[in-house]
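Here are the chains, one letter per residue:
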Amino acid sequence: MEITASHFFHAFTVPKLRAQLHRSPVAPSSSSLRAGSNGRRSSSCCQLPTTSCSKPLTVKCTLSDETTLSSPPKVAAKDPTLALKTKAMDVAPDLRGTSIFLLGMKSSIKTQLAKLLAELLRYYYFDSDGLVEEAAGGEASAKLFQETDEQGFRESETEVLKQLSSMGRLVVCAGDGAVQSSTNLGLLRHGITIWIDVPLDIIAGEATKSDAESGKSHAEKLELTQLAAMYEKLRGGYATADVTISLQRIVSLAGYDDFDAVTAEDMAMEVLKEIEKLTRVKKMMEKAGRPF
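Residues numbered from 1 in each chain as written. Predicted model: local features only at pLDDT ≥ 70, side-chain atom pairs only at ≥ 80, totals over all residues. Heavy atoms only, no water.

Draft legend 1. Broad picture of the environment of A241. The residue A241 is located in the loop between α10 (224–238) and β6 (243–246) in this model. A relative accessible area of 13% means that A241 is categorised as buried. Remark: the alpha-carbon pair of A241 and G104, spanning 137 residues in sequence, is separated by 9.8 Å. Excluding residues within four positions of it along the chain, A241 makes contact with L103, T193, I194 and W195. (Helix = DSSP H or I, 4+ residues; strand = E, 2+ residues; numbered from the N terminus. Buried < 20%, exposed > 50% of the residue type's maximum accessible area, 1.4 Å probe, protein only. Contact = heavy atoms within 4.5 Å.)

Draft legend 2. Here's a closer look at the pairing of strand β5 (residues 192–197). Taking burial as the measure, the six residues of β5 include six buried ones, the bulk of the element. Residues I192, I194 and I196 line one face of β5 and the alternating positions T193, W195 and D197 line the opposite face, and both faces are buried. Of the strand pairs in this sheet, strand β2 (residues 100–103) and β5 are connected by four bridges, and their pairing is parallel. When the bridges of β5 are listed, L103 appears paired with W195. In the sheet, β5 pairs with β6 via four bridges, with the strands oriented parallel. Pairing of W195 across the sheet is with T244, part of β6. (Pairing = 2+ DSSP bridges.)

Draft legend 3. Focus on the pattern of salt bridges. Applying the stated criterion across every chain, the model contains 11 salt bridges. Two residues, K283 and D94, come together in a salt bridge whose shortest N-O distance is 3.6 Å. Taken as a pair, K283 in helix α12 (residues 264–288) and D94 in helix α3 (residues 80–95) lie far apart in primary sequence, 189 residues in all. Given the relative accessible area of 40%, K283 is considered partly exposed. Residue classification places D94 among the partly exposed residues on the basis of a relative accessible area of 30%. Among the salt bridges present, the one from K277 reaches E274, with a minimum N-O distance of 3.5 Å. In this pair, K277 and E274 are both assigned in helix α12, three residues apart and thus about one turn of the helix distant. By relative accessible area, K277 is classed as partly exposed at 44%. A residue is classified by how much of its surface remains accessible, and E274, at 19% relative accessible area, is buried. (Salt bridge = Lys/Arg side-chain N within 4 Å of Asp/Glu carboxyl O.)

See the structure below:
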């Protein structure tokens, strides 16, 4: 069957997207951002976020023969996960369900961060490229569709973004197509856009590792020069984001020796702080606009 933009229009109705919100939940890893397969995109393009903070903390205390309570469990003096959950709880009310779109070149860092944010904010996670691939019948079919009908493929990307932007409480990993047209950039304005700026050598390293695992030859690997050319093409679109989160800057601020030391929690905290700034400014503008 020939795949057309019309096919995608019917495949991605709002009811279909909402039905996907009830799929099995998955909890993202909180380990290093470059920790192997944890950063890979799940085969399911929507995950219902869950968070351990939704469960009340219960501590059982029993009376000894001397009727004195046993010592409570020790709690670490500094718990970055607790601080992150607290920040998310502070930010969420002012966010008012506004969706978050993560821009930037495809990487495990971006994917893992999106899943963690969805978990913290009790949002739903989507990958726009994954939705296009699912409607096309898989990654191979989507690639063929793009090669044979470039315009139709771009229209399908726009339709996916149109449906996603009409919904709330989403964290979306937006594909490169999201920043390649003024129409798509306009749709992204329905939410908060965040550019996850990752050094190209890290992205190239992930691509090389992925190709090696899939058995591709060296000739088929995406070279750093190609990535650089793609980055230059898309950088203008990325720069329209409301916020830029630079991996290089986080390493510098935290005093880390290398990028491997950066965790998903580090990235998520920076994102939440920036969102907090945006919502604070919005509240000030709304207050200033009210009549006396």
